[in-house]
2 protein chains.
Amino acid sequence: MAYIKRIMIIALLILGSATILKAEDGHALWLRSNSRVKVSISCPVRSSIIDIAIDELRKGWLGKENMVFKLNLNKNPAIKGDGFQLEESAISAQTELGLLYGAYELLRRQYLNLPQRKFISNPSYSRRILNHWDNLDGSVERGYAGGSIFWGEKENGLSITEQDKEKWSAYARANASIGINGAVLNNVNASAKILSKPYLEKVSAIAQRLRPYGIKTYLSVNFSSPVLIGKLKKADPLDPQVQQWWKDKVKEIYALIPDFGGFLVKANSEGQPGPQDYGRTHVDGANMMADALAPFNGIVMWRAFVYNPSPEDRTKQAYKEFLPLDGAFRKNVILQVKNGPLDFQPREPFSPLFGAMSKTPVMPEFQITQEYLGGSRQLVFLSTLWEECLNSDTYKNGKGSTVAACTDGSLSKTDFTAIAGVANIGNDVNWTGHTFAQANWYAFGRLAWNNKLESKVIAAEWIKQTFLDKKERKTDANFVKTTQRIMMESRGAAVDYMMPLGLHHIFAEGHHYGPAPWFSNDKIRADWTSVYYHKADTAGIGFDRTRRGSGAVDQYHEPLSSTFNNLSSCPEMYLLWFHHVPWSYRLKNGNDLWTELCIRYDHGVQAVRSFQKDWDRMNGAIDSERFAEVQSKLRTQSRDAQIWKDACLLYFQQFSKREIPFEIERPVHNLGTLKELTKSKDYH
Amino acid sequence: MAYIKRIMIIALLILGSATILKAEDGHALWLRSNSRVKVSISCPVRSSIIDIAIDELRKGWLGKENMVFKLNLNKNPAIKGDGFQLEESAISAQTELGLLYGAYELLRRQYLNLPQRKFISNPSYSRRILNHWDNLDGSVERGYAGGSIFWGEKENGLSITEQDKEKWSAYARANASIGINGAVLNNVNASAKILSKPYLEKVSAIAQRLRPYGIKTYLSVNFSSPVLIGKLKKADPLDPQVQQWWKDKVKEIYALIPDFGGFLVKANSEGQPGPQDYGRTHVDGANMMADALAPFNGIVMWRAFVYNPSPEDRTKQAYKEFLPLDGAFRKNVILQVKNGPLDFQPREPFSPLFGAMSKTPVMPEFQITQEYLGGSRQLVFLSTLWEECLNSDTYKNGKGSTVAACTDGSLSKTDFTAIAGVANIGNDVNWTGHTFAQANWYAFGRLAWNNKLESKVIAAEWIKQTFLDKKERKTDANFVKTTQRIMMESRGAAVDYMMPLGLHHIFAEGHHYGPAPWFSNDKIRADWTSVYYHKADTAGIGFDRTRRGSGAVDQYHEPLSSTFNNLSSCPEMYLLWFHHVPWSYRLKNGNDLWTELCIRYDHGVQAVRSFQKDWDRMNGAIDSERFAEVQSKLRTQSRDAQIWKDACLLYFQQFSKREIPFEIERPVHNLGTLKELTKSKDYH
């Protein structure tokens, strides 16, 4: 018996250690390298950033053993901003941060076994910023990965533990490794309290942890702060007292955080206060803040996401509001524009503002958190969505005036350029809830650094770093290829099972997870309902934004405006965005609109099912923890894709009055059940 | 304007009348004929039954116009019991009821355009009875079609309205049309109150409505009635006071209801009182009641559904309990035996009691209400289940001793024979909740009349009568064929998505609708849990009832007992009923057990999806009301089949530790979610 017991104990120990070896909770993100290869690093200067670069190279070195490797600061004019040059035995850069970015690039290449060659890499945007929609109570608006990593429930969000500090450092390191150099620490729907002393002191503490990794700290500010936390009666931007209040406040901030980045402002939008409350313009408001920030090189990121409860097509309003203001903003103001004219939908045409502003810098705002793309339940790789937007041609200065070119300074020179991503980061062990949501954080950083990178390259990079077997230093080639394919097809699949052919914003109220094309409510503004957007009736479906409709097409430059305006030339992926189309309309593949809609919804479902099968076939290729997590979430995604399909087809069928084509699977839900289900608080 | 208004009113009237023409709420069941063809019916005798026969023939006549048709009472020895002979211009029978049954058969044949030929039809069983599990508070145990048609919430269930009376007549007519001649009006879990005066008076009122259609009234009685409503201290069947109490009570009943049929008794079963409470046997209990009923030609139907919380295999207990009592029962006692030894599962082998009793008549109890087969949500045609049971060979007197032969008197002569079906009837407009559940009521009647009828014939009969276009007097041939195929495949599909290969009783606790193979609870008896029945472990799955296990196989006659005992000869449909089988066991088709289990579950899901598609393709072939109802229920069935598959495969996979084969669709639910879902009160 004693003998058997001993064997069992040994067996348990072996099992236990195997588990420990394989345990992957996702906390290490794409930074899982761990090397014992020795290297000698030299650098003429030392600083906290350089120290980190050297430390990272020493810990992660996978090049030649005992090599002597140099970090050089020099003035090579081919190297821009925080760019760098990789050489066989050195990294050169103009800035310390450039050396750090070079180090991460080198380590990535070593880890991925990529050829080491000499090349220069310069960032596409000078400011590459995460926007955290974190509230001071620790909740995260549209966050699906736990509470805020910055704020918390204790001590009004002001407590700071050692664990917090370590998390901030880990966060900063992850950002630096992909080139992100700024973070807005609080929600755009901002509490004025953030500018009060205790919170600024906490911001200073956070900034201390971010600074060594080159991450600048920014804050979202409430336009009414002078009233809400100052003792002023109003926040009128032309009021000298108000102006002085902001100047004093900015001074106070810079005393605490000398490298503070600036403000992000959501003003006169969805109930937020703004200059229009005092009869002033966005220019008046932005410039007031810009004047306060300018002495410290701070910037104002003024959000263009504004719309009023007016009869005007919501998608037209931002353009109409801001175009007349072009040229009136201070040089340190930049307009932050969401990729599409509506609101982070599964698919939108690009916002016409990108091609509209001539004298005002514009920065894209992408949403990394999956508000409208499945929360952290669904595997949707967003890089293809952003790539689609960046590569969209605005025709601002003729062909080739892509959104990328309109924003990265290549089309017109600006003092600075910027890009923002709404973070998907929370307190969850793996940071983002879904393992594959880490890929969206990663992809945002990589695209912010190089807006010409292809999504498929980013996907492969991320897969290898995230899942590579640390011991063997290799990843199953089939796993990489298959997972890359899943990622590349995932956003198209989501568009298909949610809102194909240009449909948009038919989500359930509030949670934005499930479908509710039926959603309509006389008590709220029309443009917060689904029926406003799809306009389905017995004649057809879609929002007429042609010249006979809202005329939104004319916010685009020719030839785009005519292309969009014309039913036959409008790209089918935007069809119902721009047109109210008869059910019998023939698409290019010969299907009528109703049939094609059905086939697209079904295709979305089938695609997720194929992802499931592909994933299940790879059981054993990676650690069992993350395998099981993804497997489980794909099941839910598959179920929910079917719910989307059934809800939309059964709802729209009431108008089309046509049979669902027999080549596709029948609905397995009834409309009434789905209406109840998606209303449920548990369903999101 | 007036003109337009008038046109609109006319249009509305046209629409309205079209709706009325097409409206089919299912209340008419299979009795939708409505003829204006004149006929002259003569009969030498008159009675309320004859009046009905004549009236039915007059109202439904679709034969030659102005024909003279005769109803003859004569003593043709080839006509048995309430049988009849159909001739070109006459129906002959020994009894008035025989004439009525002949009339319904004739009308059915006319309605279905079947050739009119001379033939005799005799009933397989003399008593063809519906068991209503209706409680006096108006609820129906395992009822899915609304409340009781006999009892209600008002006046302690004693109220009687004109509407009630009409409903009872309509109910009686429907039964008579398919040969049913008895109804137990209350739940086998009987309230003693049913034998109190006010309730007996209501029973008498119901009987008045059933009598003209030849339906005898029976009651379920509580064995403790002498204590509960009499003033006796005990209900000991050997106590003369108790015996007298029953004699007096029976006399009282027959004074009110002279053609009263008798008692149905559930004693010493699932908490019901019985003779064993006083140390007596089932014989003592049954005979006491039989003695009281004998003077009035009443019978006792004593249920054999008994089992104790003992370590003995539950499926063996009824046999062990009753076999020693064979021959000791009075002649007017019959044992009522459920088709299988467990409890109305999707598939069970026949109960060994059918082949066991030599001197005691045995009657089959089938469950028409779909307690374990999807309530009134799922389309499951049960005729094939009953046919499978009736045709099962018990080998009692060698080959050919089918369950049918063991119970219909053809194997050994008995004073009377009987068959019971637990009704699926409620207050819903269409009586049964699901339109297709009407087919199960219909099929039970038809099989009770003729236990050699084939299910596919019954299905076709029912489809044509139920859906035939009344105006055109024809049914779309494709509709009949396709619907017949759906019905014929439906029970096999349900077995596959619920409990293939002999699995049984892995339902969710309480509602018996959804899956809960995980269900286990230390606080209740083991044989009320799922794990007791499937016994899945890492070695395999299934209940070992071989001679090395519980030995239940030996309750069957040879060669069956050896056939079942031997893994290689055991029919695969009963595999896991009789064997604990290794996951790697190879089935006859070459698949290992786990793979086959997965494929079967998936096949069940795919089958329901095919039913959906088949049904949807027939849109327009029948009225839109019932089409939409069935379409909607098929959706739910499809969704729930998938839930069954996912729950069972994911649960059993924990033991098999094998991959779900890649040729089938992956689960779209997670086990945890399903455990919560099937626990939910809304999910049944």
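Residues numbered from 1 in each chain as written. Chains lettered and ligands numbered in written order. Predicted model: local features only at pLDDT ≥ 70, side-chain atom pairs only at ≥ 80, totals over all residues. Heavy atoms only, no water.

Caption draft 1: Molecular detail of unusual backbone geometry. Backbone torsion omega between A:Glu558 and A:Pro559 reads 5°, so that peptide bond is classified as cis. The topology assignment puts A:Pro559 in the loop between β14 (540-541) and α17 (560-565). A positive phi is found at B:Asn113, a non-glycine position, where the angle reads about 60°. Considering the arrangement of structural elements, one finds B:Asn113 in the loop between α3 (96-111) and β5 (119-121). (Helix = DSSP H or I, 4+ residues; strand = E, 2+ residues; numbered from the N terminus.)

Caption draft 2: Summary view of the side chain of B:Ser169. Residue and element names in this part refer to chain B. Turning to its location among the elements, Ser169 is positioned in helix α4 (residues 162-177). Looking at Ser169, the relative accessible area reads 15%, which means it is buried. Sequence-distant contacts of Ser169, that is, excluding residues within four places in its chain, are made with Arg209 and Tyr213. (Buried < 20%, exposed > 50% of the residue type's maximum accessible area, 1.4 Å probe, protein only. Contact = heavy atoms within 4.5 Å.)

Caption draft 3: Summary view of the pattern of salt bridges. Residue and element names in this part refer to chain A. A complete count under the given rule lists 91 salt bridges over all chains for this structure. Between Arg314 and Asp343 there is a salt bridge, with the nearest N and O atoms lying 4.0 Å from each other. Taken together, the residues span a long stretch of sequence, with Arg314 in helix α9 (residues 314-322) and Asp343 in the loop between β11 (333-338) and α10 (353-356) at a distance of 29 residues. For the residue pair Arg314 and Asp343, the accessibility class agrees, reading buried in each case. Overlapping salt bridges, with partners in common, bring together Glu105, Arg108, Arg109, Arg446 and Glu461 in one network. (Salt bridge = Lys/Arg side-chain N within 4 Å of Asp/Glu carboxyl O.)

Caption draft 4: Spotlight on the sheet that holds strand β5 (residues 119-121) of chain A. Residues and elements named next belong to chain A. An order of β1-β2-β4-β3-β5 is seen for the five strands of this open sheet, with the pairing classed as mixed. The open sheet has two edge strands, β1 (39-42) and β5, and neither has a second partner. For this sheet, the mean angle separating the axes of adjacent strands, direction not counted, is 20°. Relative to strand β2 (residues 67-73), β1 runs parallel, the two sharing four bridges. By the bridge assignment, Ser42 is partnered in β2 with Lys70. The strands touched by helix α2 (residues 48-60) are β1 and β2; relative to β1, the strand with the most contacts, the crossing angle is about 165°. (Pairing = 2+ DSSP bridges. Axes fitted to C-alpha atoms, helices over the stretch in contact; angles between N-to-C directions.)

Caption draft 5: Up close: α3(B). Between its terminal C-alpha atoms α3(B) stretches 23 Å, which fits the 22 Å expected from 16 residues at 1.5 Å a residue. Most of α3(B) is tucked away, with 15 of its 16 residues classed as buried. (Expected span 1.5 Å × (residues − 1).)

Caption draft 6: Region of interest: the confidence of the model for chain A. Residue and element names in this part refer to chain A. For chain A, the average pLDDT comes to 94, and 96% of its residues sit at 70 or higher. Note on residues 9-22: pLDDT under 50 across the span, and six contacts to partners over four residues away in sequence or across chains. Both confidence scores are given for the complex: pTM 0.93, ipTM 0.91. (pLDDT = per-residue confidence, 0-100.)

Caption draft 7: A look at the packing of aromatic side chains. Summed over the entire model, instances satisfying the criterion amount to 78 aromatic pairs over all chains. Members of the aromatic cluster, connected to one another through ring pairs, are A:Trp30, A:Phe150, A:Tyr171, A:Trp431, A:Trp441 and A:Tyr442. Positioned above the aromatic ring of A:Tyr513 is the side chain of A:Arg377, whose terminal nitrogen or guanidinium carbon lies 4.8 Å from the ring centre. Against the face of B:Phe119 rests B:Arg117, its NZ or CZ located 4.7 Å from the ring centre. (Phe/Tyr/Trp six-rings, centres within 6.5 Å; stacked < 30°, edge-to-face > 60°. Lys NZ or Arg CZ within 6 Å of the ring centre and 35° of its normal.)

Caption draft 8: Inspection of the packing of helix α11 (residues 383-390) of chain A against helix α13 (residues 437-449) of chain A at higher detail. Residue and element names in this part refer to chain A. The interhelical angle for the contact between α11 and α13, taken along N-to-C directions, is 25°, at an axis separation of 9 Å. With respect to α13, the element α11 is oriented roughly parallel. In contact with Ser383, Trp386 and Leu390 of α11, α13 contributes Asn440, Ala443, Phe444 and Leu447. (Parallel < 35°, antiparallel > 145°, perpendicular 65-115°, else oblique.)

Caption draft 9: Broad picture of the interface of chain B and chain A. Contacts between chain B and chain A engage 24 residues on the former and 24 residues on the latter. Across the chain B to chain A interface the summed buried area is about 2,200 Å²; carbon plus sulfur atoms make up 46%. The residue A:Glu665 makes a salt bridge to B:Arg609 at a minimum N-O spacing of 3.2 Å. Counting across the interface, chain B meets chain A through 16 residue pairs in polar contact (both at pLDDT 80 or more). When contributions to the side of chain B that touches chain A are tallied by element, the ones reaching two or more residues are α19 (593-617) and α20 (624-656) of chain B. Residue composition of the side of chain B that touches chain A, grouped by class: five nonpolar, nine polar and 10 charged. (Buried area = accessible area lost by both parts, 1.4 Å probe. Polar contact = N/O pair within 3.5 Å; in protein donor to acceptor, adjacent residues only side chain to side chain. Nonpolar A, V, L, I, M, F, W, Y, C, P; charged D, E, K, R; others polar.)

Caption draft 10: Looking closely at the nonpolar core. Judged by nonpolar contacts, the single largest core of 210 residues is most densely connected at B:Phe263, B:Trp302, B:Trp441 and B:Phe652. Per-element tally for this core: the top contributor is α20(B), with 13 residues. Core analysis: the second largest hydrophobic core is formed by 209 residues, A:Ala304, A:Phe344, A:Leu385 and A:Ala423 among them. (Core = buried A, V, L, I, M, F, W, Y, C linked by side-chain atoms within 4.5 Å.)

Caption draft 11: Seen up close, the sheet that holds strand β7 (residues 182-184) of chain B. Residues and elements named next belong to chain B. With parallel pairing, eight strands are arranged side by side around a closed barrel as β6-β7-β8-β9-β10-β11-β12-β13. Direction aside, neighbouring strands of the sheet carry axes that sit 25° apart on average. By the bridge criterion, three bridges tie strand β6 (residues 127-131) to β7 in an arrangement that is parallel. Across the sheet, residue Asn131 finds its bridge partner in β7, namely Val184.

Caption draft 12: Quick peek at the side chain of A:Ser550. Residue and element names in this part refer to chain A. Looking at the element boundaries, Ser550 is found in the loop between β14 and α17. Here Asp313 takes part through its side chain, which lies 2.7 Å from a polar atom of the side chain of Ser550. Setting aside its immediate chain neighbours within four residues, Ser550 contacts Asp313, Lys316, Phe543, Asp544 and Arg545.

Caption draft 13: Examining the environment of A:Leu100 more closely. All names here are of chain A. You can see Leu100 is positioned in helix α3 (residues 96-111). Each C-alpha atom of the pair Leu100 and Arg142 lies 32 Å from the other, and the pair is 42 residues apart in sequence. With near-sequence residues (within four places) excluded, Leu100 lies in contact with Ile49, Ile52, Ala53, Ala176, Pro212 and Tyr213.

Caption draft 14: Representation of the relation of the copies chain B and chain A within the structure. Take chain B, turn it by 180°, move it 0.1 Å along the axis, and it overlays chain A with an RMSD of 0.0 Å. On this basis, the relationship between the two copies can be described by a two-fold rotation axis. The position closest to the rotation axis in chain B is occupied by the C-alpha of B:Arg639, lying 5.0 Å away. Comparing interface residues between copies, 100% of those in chain B also lie at the interface in chain A; the contact surface is shared. (Least-squares fit on C-alpha atoms with pLDDT ≥ 70 in both.)

Caption draft 15: Structural context of the pairing of strand β8 (residues 216-221) of chain A. Residues and elements named next belong to chain A. With five of six residues buried, β8 lies mostly within the body of the structure. Across three bridges, the pairing between strand β7 (residues 182-184) and β8 is parallel. Paired with Gly182 across the strands is Lys216, a residue of β8. For the crossover from β7 across helix α5 (residues 197-210) to β8, the handedness is right-handed. Relative to strand β9 (residues 262-265), β8 runs parallel, the two being bridged by four bridges. Bridge pairing in β9 links Val221 to Val265. (Right-handed = clockwise from strand over helix to strand, strands pointing away.)

Caption draft 16: Up close: the packing of α3(B) against α4(B). Residue and element names in this part refer to chain B. One can describe the packing of α3 onto α4 by two numbers: an axis separation of 9 Å at closest approach and a directional angle of 75°. When the interaxial angle is binned, α3 and α4 end up roughly perpendicular. Every residue of α4 that contacts α3 at Leu100, Tyr101, Tyr104 and Arg108 is listed here: Arg173, Ala176 and Ser177. Partitioned by chemical class, the residues of the contact of α3 with α4 number four nonpolar, one polar and two charged.

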